[in-house]
Amino acid sequence: AVDSEEMLLQGEMYDTILADYLVGSVDSFAPYYQTLVYPRLVQHLKPGGHLYVVGLEPIPESDEGGADIVCRVRKVQDA
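First, a word on what this report is: a plain description of the structure on this page. Owing to the predicted nature of the structure, the values given are computational and were not obtained by experimental measurement. (Residues numbered from 1 in each chain as written. Predicted model: local features only at pLDDT ≥ 70, side-chain atom pairs only at ≥ 80, totals over all residues. Heavy atoms only, no water.)

Right, let's talk about the overall build of the protein chain for a bit. From N to C terminus, the protein chain includes four helices and two strands. Ordered by position in the sequence, the α and β elements of the protein chain form the string α-β-α-α-β-α. A buried classification covers 15% of the 79 residues belonging to the protein chain. Of the roughly 6,500 Å² that the protein chain leaves accessible, carbon and sulfur atoms contribute 59%. (Helix = DSSP H or I, 4+ residues; strand = E, 2+ residues; numbered from the N terminus. Buried < 20%, exposed > 50% of the residue type's maximum accessible area, 1.4 Å probe, protein only. Areas by Shrake-Rupley, 256 points an atom, 1.4 Å probe, with all protein chains shown as cover.)

The next subject is the side chain of Arg74. Position of Arg74 relative to the elements: it lies in helix 4 (residues 68-78). Accessibility expressed as a relative area gives 17% for Arg74, which makes it buried. Each residue touching Arg74, except ones within four places of it in the same chain, is listed here: Ile59, Pro60 and Glu61. (Contact = heavy atoms within 4.5 Å.)

Interhelical geometry of helix 2 (residues 22-29) versus helix 3 (residues 34-42) gives an angle of 130 degrees and a closest axis separation of 9 Å. In terms of their interaxial angle, helix 2 and helix 3 are classed as oblique. As for the relative orientation of helix 2 and helix 3, their crossing is right-handed in sense. Contact with helix 2, carried on its side by Leu22, Val23, Val26 and Asp27, involves Gln34, Val37, Tyr38 and Leu41 of helix 3 and no other residues of that element. Grouping the amino acids of the contact of helix 2 with helix 3 by side-chain chemistry returns six nonpolar, one polar and one charged. (Axes fitted to C-alpha atoms, helices over the stretch in contact; angles between N-to-C directions. Parallel < 35°, antiparallel > 145°, perpendicular 65-115°, else oblique. Left-handed = near helix turned anticlockwise from the far one by under 90°. Nonpolar A, V, L, I, M, F, W, Y, C, P; charged D, E, K, R; others polar.)

A few words on the nonpolar core. Residues Ile17, Ala19, Val26, Val37, Leu41 and Leu45 constitute the largest nonpolar core, which totals six residues. At the level of secondary structure, the elements contributing two or more residues to this core comprise strand 1 (14-20) and helix 3. In contact with Val37, not counting residues within four places along its chain, are Leu22 and Val26. (Core = buried A, V, L, I, M, F, W, Y, C linked by side-chain atoms within 4.5 Å.)

Here it is as structure tokens:
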């Protein structure tokens, strides 16, 4: 059997890779595997290429005072 992960983007190389909120989304679906994402991306960078990692700080489950509204909105958005 062929491992689909090995075939995904096999041989594809890029000058620039933009990982927008990738670490946060990996944390939501597969906690503790965030560090495995970068080697997987870097293998697709051309020599001298750039990897841009952008995103937000993780939003907590709850917060004190008025800041809790952001946490509650996230929960509704993720539902």
